[in-house]
Amino acid sequence: MATTPAVYRNSRSNSVTRMVTDHVFTGLALLSTVLVVAPLVAIFCYLLYKGASSLNLAFFTQIPQPVGEPGGGMANAIFGSGLLLAVGSLLGVPVGIASGIFLAEFGRGTMLANAVRFTADVLNGVPSIVMGISVYSLIVLPQKHFSAFSGGVALGIMMIPTITRTTEEMLATVPNAVREAALGLGVPAWRSVLSITLRTASPGIITGCMLAFARVAGETAPLLFTAFGNNFWSHNLNEPIAALPLQIYVYAISPYDDWHRLAWAGSLVLIVLIVISVALVRFVASRGTLKANT
Amino acid sequence: MDIKIQEVALNRSPSSPAASPPGEPSAVRQFLLSRGTSAGPDRAFALVMLISALSIFAIVALIATELVLRSQLSLHKFGIGFFFGSAWDPVTGEFGALPFIYGTLVSSLVALLIAVPLSIGLAVFLTEMCPRWLRSPLAFLTELLAAIPSVVYGLWAVFVLVPLLREHVNPILGETLGWSGFFTGPNYGIGMLAAGVILAIMILPIISSLTREVMIAVPHAQREAVLALGATRWEMIRMGVLRNARIGIVGAVILGLGRALGETMAVTMVIGNRPEIAKSLFAPGYSMASVIANEFSEASDDLYLSALIEIGLALFLVTIVVNAIARLLVWVVTRGAPLQVA
C-alpha cells in the first residue's frame, strides 16, 4: 500500500535529474561568464598598474633614447600615429560614406549592390598582415622607400568596409517621408541626400567612423612594412614615420626593462584613446537615435 | 498636374518605413524626381557615389593581382608542393609552408576549443539568465575586449600569460595529461598553447556577440512553447533556443576562426617562432601570419620574398572562403538582418 506506483516514482527521479541538469548548466553559463570577464579585468588592471607607474611627462614630450640612457618617450610616435590616422581617415571616410550612400540610395536591391556589399565583407576579413604586404608591393616597392603615406593608405583601406556598412544601415533607417518632403520642396536629389538624409543619419554614421577609427588606431601589422617606424621626429609623408603600436611592439620584444616600461605606458595611452572613442560612440549613439523610427 | 498628384496621393498614402524599404522609389518620389531640373548634377552625384562603391572592387582586385604577380617566382618553382614541404631554408633557397600552415591551424583550433564553449556560455547567460541591470555593463565589457589592440594583447601575454602558463598551468597539464603526448617536452611557456590561449581571448567577443544576436533572433514563441510543455530553463534553452540558432552559431564560430587565422601580432609575440612541426602544444611553432611579420623585411632575395608573399596569398584566399561561409550561415539565420561586426 505504501509503495508509490512505478510510473510516479520513475517520473519523480526523472524530474530530479532534470532539476540537477538545469542547475548544472546554469552554473556552467555563470562560470563561463566569469572566465570571460576575468582576463579582461586582469588585462585592464595590470595595464593600469604597469602603465600608470611608468607614465610621466617625458613620455609625451621626448623621443626615444638609446638603450641605457634614462628617460625617453614616445612623443614622435604619438604624433606619427595621429598623422597616419589623419591620412587614413582622409581616404577611408569619404570613400566609405560615398559607397554607403550608393548602397542605400541608388543601388538598393540590385545585383551590383549585393556584389559591393559582399566585396566589402571580404575586404573586412582580409588579415591585416596581408593588407600590409599588399600595400607594400603596391606603393612601397614602386617608390623604393617606406613612407608615412603608404601606412596611411593601408589604414584608410581598412577603414572603408566598416564605414560603408554602417553608413548603409543608418541611411536605411531614415524614413522615406523625410526624403519625399525634401524633394517635394523642390530640393535637387543630390542636395536632399547630402543635407537631409545624410544629416538625419549622421549620429549613426559618426559612430561607424569612430568604430573604424578605433579599430585601425591599434593596428600594427599593416604598418610593419609601410610606415616602418622611425626613432626621430618626422612629418614628411614621404619618409618612414613612427607609430604608437609599432613602437610598443618593438619595445615589447626587446630585452630591456626600461623599454618594457615604455611599452606598458604606450599601451595604456593607446587603450585610453581607444576606450574614450568607443565610449564617445556609445554616448553619441544613445543620444542621437532616430526618434521617428523607434 | 494637380489631378495627377491627387491620384498618386490616393493610391499611396505617405509611405511608412515599415511598408516599403527606403531607397525603393515610391510613386510619389518618382514623380517628384522626374519633375526636377537638376538632372545633370543629380546624375553626376550618383556617378561619384557609384565610383566610390566600385573602388571597393578595385581595391580587392588590386590586392589579389598584386599578391598573385609577386608570388609568381615561388609559384612556378615549387608549384603545389610548396604547401606540403617542411623545409624552410633561405640560404639554400628551399621553401615549404607546411610548418606555418600547421602552426596556424593548430593554434586556431586550440583557440576555438577554448573560446567556443565559453562564448556560448556567455551568450546563454546574457540572453536567457542575466538580470536586466547587469546585461548592458557585461555587453559593454565584452565589447571593450574587442577594442583592445592586438599588440597590447601580445604585451600582456608575454609578461603575464606566459609566466602564468610556465609556472602554474603547464606543470599541472604535463602531470595529468602528459600521457596523451600533447603536453610533454620542455616547458618554455611560449609555444602553441600560449598562442592558442591568447587567440581564444581575442576571438571570444566576436563569437559571443554574434551568438547573442542569433539567439535574440529566435522568436519568443519558441521559448514559451517549450516552457509551456513543462521544460526546465536549461531544456528550454537547449530545445527552444540553441537548436534553432545552431546554424547561426556555427557561422559565428567560423567567423571567429577567420579572425584567428589571420591574427598576427599577439601570436608572433608568444608562439616561439620556430618552423617545426611538433605534436606537443608546449613546443614552439610558427604561424603563416607571423612568418610574414618576422621575415618579410629581411627577405634578401626575390625567391624568399616571393615565397613569403605566396604564404600571404594563401592566407588571403583561405580567409575569403572562411568568411564567405560564415556570412552565409549567419545570414541564413537572421534572414539578411544587418549584422554589425566591428
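Residues numbered from 1 in each chain as written. Chains lettered and ligands numbered in written order. Predicted model: local features only at pLDDT ≥ 70, side-chain atom pairs only at ≥ 80, totals over all residues.

1. Here's the deal with the overall build of chain A
When helices and strands are tallied, chain A shows 11 helices and 0 strands. For chain A, the sequential pattern of α-helices and β-strands runs α-α-α-α-α-α-α-α-α-α-α. Counting only C-alpha atoms, chain A reaches 95 × 70 × 35 Å along its principal axes. Residues classed as buried in chain A amount to 50% of the 294 residues present. Within chain A, contacts between residues separated by at least 24 positions form 74% of all contacts whose residues are at least 6 apart in sequence. (Helix = DSSP H or I, 4+ residues; strand = E, 2+ residues; numbered from the N terminus. Buried ≥ 20, exposed ≤ 12 C-beta atoms within 10 Å, placed from the backbone. Contact = placed C-beta atoms within 7 Å.)

2. Digging into the overall build of chain B
Helix and strand counts for chain B stand at 13 helices and 2 strands. Burial analysis of chain B (342 residues in total) assigns 47% to the buried set. Restricting the contact set of chain B to residue pairs at least 6 apart, pairs at least 24 apart contribute 74%.

3. Considering the domain arrangement of chain B
A common way to state how big an interface is: give the accessible area lost once the parts meet. Residue and element names in this part refer to chain B. For chain B, the domain assignment lists domain 1 (2–72) and domain 2 (96–334). In this structure, domain 1 and domain 2 have C-alpha centres spaced 39 Å apart. At the interface, 5 residues of domain 1 touch 6 residues of domain 2. A total of 3 residues in the side of domain 1 that touches domain 2 trace back to one element, the largest contributor, which is helix α3 (residues 39–70). Considered class by class, the residues forming the side of domain 1 that touches domain 2 number 2 nonpolar, 2 polar and 1 charged. (Domains from an automatic or database assignment. Nonpolar A, V, L, I, M, F, W, Y, C, P; charged D, E, K, R; others polar.)

4. With respect to α3 of chain B
The end-to-end C-alpha distance of α3 of chain B is 45 Å, a good match for the 46 Å that 32 residues give at a rise of 1.5 Å each. For α3 of chain B, every residue scored as buried is listed here: Phe-45, Met-49, Ser-52, Ala-53, Ile-56, Ile-59, Val-60, Ile-63, Glu-66, Leu-67 and Arg-70 of chain B. (Expected span 1.5 Å × (residues − 1).)

5. Examining the environment of Ile-201 of chain B
Relative to the elements of secondary structure, Ile-201 of chain B occurs in helix α8 (residues 192–216). On the basis of neighbour counts, which here come to 24 C-beta atoms within 10 Å, the residue Ile-201 of chain B falls in the buried class. Along the primary structure Ile-201 of chain B and Tyr-153 of chain B are separated by 48 residues, whereas in three dimensions their C-alpha atoms are 8.8 Å apart. Among all residues touching Ile-201 of chain B, those that are not within four sequence positions of it are Pro-39 of chain A together with Tyr-153 of chain B.

6. So, the nonpolar core
Residue and element names in this part refer to chain B. Formed by 192 residues in total, the largest nonpolar core has its most connected members in Ala-157, Ala-194, Ile-198, Ile-203, Val-270, Ile-292 and Ile-311. No other element matches the 17 residues that α8 contributes to this core. Residue contributions to this core reach at least three from each of two domains, namely domain 1 (2–72) and domain 2 (96–334). Contacts of Val-270, omitting those with residues within four sequence positions, involve Gly-154, Ala-157, Val-158, Val-162, Ile-190, Ala-194, Ala-195 and Ile-198. (Core = buried A, V, L, I, M, F, W, Y, C linked by C-beta atoms within 7 Å.)

7. Overview of the environment of Leu-123 of chain A
Relative to the assigned elements, Leu-123 of chain A resides in helix α4 (residues 111–125). Overall, the presence of 22 C-beta atoms within 10 Å leaves Leu-123 of chain A in the buried class. As for Leu-123 of chain A and Thr-162 of chain A, which are separated by 39 residues in sequence, their C-alpha atoms are 9.6 Å apart. For Leu-123 of chain A, the contacting residues outside a window of four places in its chain are Ile-160 and Pro-161 of chain A together with Ile-56, Ile-59 and Val-60 of chain B.

8. Observations concerning the environment of Thr-166 of chain A
All names here are of chain A. For Thr-166, the position within the fold is in helix α6 (residues 148–172). On the neighbour-count criterion, Thr-166 (26 C-beta atoms within 10 Å) is buried. Considering only alpha carbons, one finds Thr-166 and Asn-176, 10 residues apart in sequence, at a separation of 18 Å. Residues within four places of Thr-166 in sequence aside, it is in contact with Gly-204, Ile-205, Thr-207 and Gly-208.

9. Topic: helix α7 (residues 176–184) of chain A
Where α7 of chain A is concerned, the buried positions are Asn-176, Arg-179, Ala-182 and Leu-183 of chain A. Buried residues of α7 of chain A, seen end-on, are gathered within an arc of 130° and therefore sit on one face of the element. (Arc of directions from axis to C-beta.)

10. With respect to the packing of helix α7 (residues 150–177) of chain B against α8 of chain B
All names here are of chain B. Taken N-terminus to C-terminus, the directions of α7 and α8 make an angle of 130°; their axes are 10 Å apart at the nearest point. One way to sum up the angle between α7 and α8 is to call them oblique. Along this stretch, α7 crosses α8, giving a crossing that reads as right-handed. Contact residues: α7 offers Tyr-153, Ala-157, Leu-161, Val-162 and Leu-165, while α8 offers Leu-193, Ala-194, Val-197, Ile-198, Ile-201 and Met-202. (Axes fitted to C-alpha atoms, helices over the stretch in contact; angles between N-to-C directions. Parallel < 35°, antiparallel > 145°, perpendicular 65-115°, else oblique. Left-handed = near helix turned anticlockwise from the far one by under 90°.)

11. Examining the confidence of the model for chain B
Residue and element names in this part refer to chain B. Of all residues in chain B, 88% have pLDDT values of 70 or greater, and the mean over the chain is 84. Every residue in residues 1–20 scores below 50 in pLDDT, and together they form 18 contacts with partners more than four places removed in sequence or on other chains. A low-confidence stretch, residues 337–342 (pLDDT under 50), is modelled with 10 contacts involving residues beyond four sequence positions or located in other chains. (pLDDT = per-residue confidence, 0-100.)

12. Considering the packing of helix α5 (residues 128–143) of chain A against α3 of chain B
At a minimum axis distance of 9 Å, the contact between α5 of chain A and α3 of chain B shows a crossing angle of 80°. Relative to α3 of chain B, the element α5 of chain A lies roughly perpendicular. Here α5 of chain A contributes Ser-134, Ser-137 and Leu-138 of chain A to the contact with α3 of chain B, which in turn contributes Leu-62, Ile-63, Glu-66, Leu-67 and Arg-70 of chain B. Class assignment of the residues belonging to the contact of α5 of chain A with α3 of chain B gives a composition of 4 nonpolar, 2 polar and 2 charged.

13. Here's the deal with the confidence of the model for chain A
Per-residue confidence for chain A averages 86 on the pLDDT scale, and 92% of its residues sit at or above 70. Considering only residues more than four positions removed or in separate chains, one finds that residues 290–294 of chain A, a stretch of pLDDT under 50, has 7 contacts.

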